[in-house]
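Each chain, written out:
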Amino acid sequence: MSRIYIYSTLSNDQRYQLKDGRSVLIAGKANVANKQLVTPKGKATAITEDEFNLLQENIVFRAHSKNGFVSASHDKQDAEAFAARNLEPADKSAQDTPATAKKRNAGGARVQNAEA
């Protein structure tokens, strides 16, 4: 049985319940800094075809797929490159960057650089 790779830009790991009583954990933590302060833009999880067929019936997985946060492929690829080409860049729980903070609060406080 071949493997299917689920690519995700979700900020949290997601456990999807399957109709047969099992569950599938899809790796998240995209756009979240790790201990080494590396912030991956996408994550990949390998699952079986059987799990994928059952996953297609999960309403939450379908919603995440429809909204562009998860996608599937038979080919193993670089998760960040796949995410950049095929998925939404981040969900609402992604960590703020200076650009997203400025966009969210355009009229916010101004910070001046201290002169030496």
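Rules behind the numbers
- Residues numbered from 1 in each chain as written.
- Predicted model: local features only at pLDDT ≥ 70, side-chain atom pairs only at ≥ 80, totals over all residues.
- Heavy atoms only, no water.
- Helix = DSSP H or I, 4+ residues; strand = E, 2+ residues; numbered from the N terminus.
- Buried < 20%, exposed > 50% of the residue type's maximum accessible area, 1.4 Å probe, protein only.
- Polar contact = N/O pair within 3.5 Å; in protein donor to acceptor, adjacent residues only side chain to side chain.
- Contact = heavy atoms within 4.5 Å.
- Pairing = 2+ DSSP bridges.
- Axes fitted to C-alpha atoms, helices over the stretch in contact; angles between N-to-C directions.
- Phe/Tyr/Trp six-rings, centres within 6.5 Å; stacked < 30°, edge-to-face > 60°.
- Arc of directions from axis to C-beta.
- Core = buried A, V, L, I, M, F, W, Y, C linked by side-chain atoms within 4.5 Å.

Novice: Sorry, what's going on with the side chain of Asn31 here?
Specialist: With respect to the helices and strands, Asn31 occurs in the loop between β3 (23–26) and β4 (43–48). The class for Asn31 is buried, based on a relative accessible area of 8%. Of the polar contacts made by the side chain of Asn31, one reaches the backbone oxygen of Pro89; its length is 2.9 Å.

Novice: Teacher, can you tell me more about the side chain of Ser73 here?
Specialist: The topology assignment puts Ser73 in strand β5 (residues 70–73). Not counting residues within four places of it along the chain, the set of residues in contact with Ser73 comprises Ile4, Tyr5, Tyr7 and Phe82.

Novice: Explain the sheet that holds β4 to me, please; I cannot follow it from the model alone.
Specialist: Hydrogen bonds along the backbone pair up the strands of a sheet, which may run parallel or antiparallel. The strand order across the open sheet built from 3 strands is β4-β1-β5, with neighbouring strands paired in antiparallel fashion. The open sheet terminates on both sides in strands that have one partner only, identified here as β4 and β5. Across the sheet, the axes of successive neighbouring strands diverge by a mean angle of 25°, strand direction being ignored.

Novice: So what exactly am I meant to see when it comes to the packing of aromatic side chains here?
Specialist: Describing an aromatic ring pair means giving the distance of the ring centres and the angle of the ring planes. All told, the structure shown has 2 aromatic pairs when counted by the stated rule. Their ring planes at 25° and their centres at 4.1 Å tell us that Tyr7 and Phe82 sit as a pair that is stacked. Of this pair, Tyr7 sits in strand β1 (residues 3–8) while Phe82 sits in helix α3 (residues 79–86), and the two are 75 residues apart along the sequence. With 5.3 Å between their ring centres and 90° between their planes, Tyr16 and Phe61 make a pair best called edge-to-face. One end of the pair, Tyr16, is in strand β2 (residues 14–17); the other, Phe61, is in helix α2 (residues 59–66), with 45 residues separating them in the sequence.

Novice: In this structure, what is going on with the environment of Val70? I would like to understand it.
Specialist: Position of Val70 among the secondary structure elements: in strand β5. The class of Val70 is buried, set by a relative accessible area of 2%. It is 11 Å that separates the C-alpha atoms of Val70 and Phe82, two residues lying 12 residues apart in sequence. Once residues within four sequence positions are removed from consideration, Val70 is found in contact with Ile6, Tyr7, Ser8, Leu10, Tyr16, Phe61, His64, Ser65 and Leu87.

Novice: Explanation requested: α3 in the structure shown.
Specialist: Since one α-helical turn is 3.6 residues long, residues separated by three or four positions face the same way. Here α3 has its buried residues at Ala79, Phe82 and Ala83. Down the axis of α3, the smallest arc covering the buried residues is 100°, so these residues share one side. The outward face of α3, more than 90 degrees from its buried face, is lined by the exposed residues Ala84 and Arg85. Check the buried side of α3 and you find it contacts β1, β4 and β5.

Novice: Explain the nonpolar core to me, please; I cannot follow it from the model alone.
Specialist: One broad rule of soluble globular proteins: the nonpolar side chains tend to lie buried together. Counting 14 residues, the largest nonpolar core has Ile6, Tyr16, Ile47 and Phe61 as its most contacted members. Mapped onto this core, the elements with two or more residues apiece are β1, β3 and α1 (49–55). For this core, the element with the highest residue contribution is α1, accounting for 3 residues. The residues touching Phe61, leaving out its near neighbours within four places in the chain, are Ile6, Tyr16, Phe52, Leu55, Gln56 and Val70.

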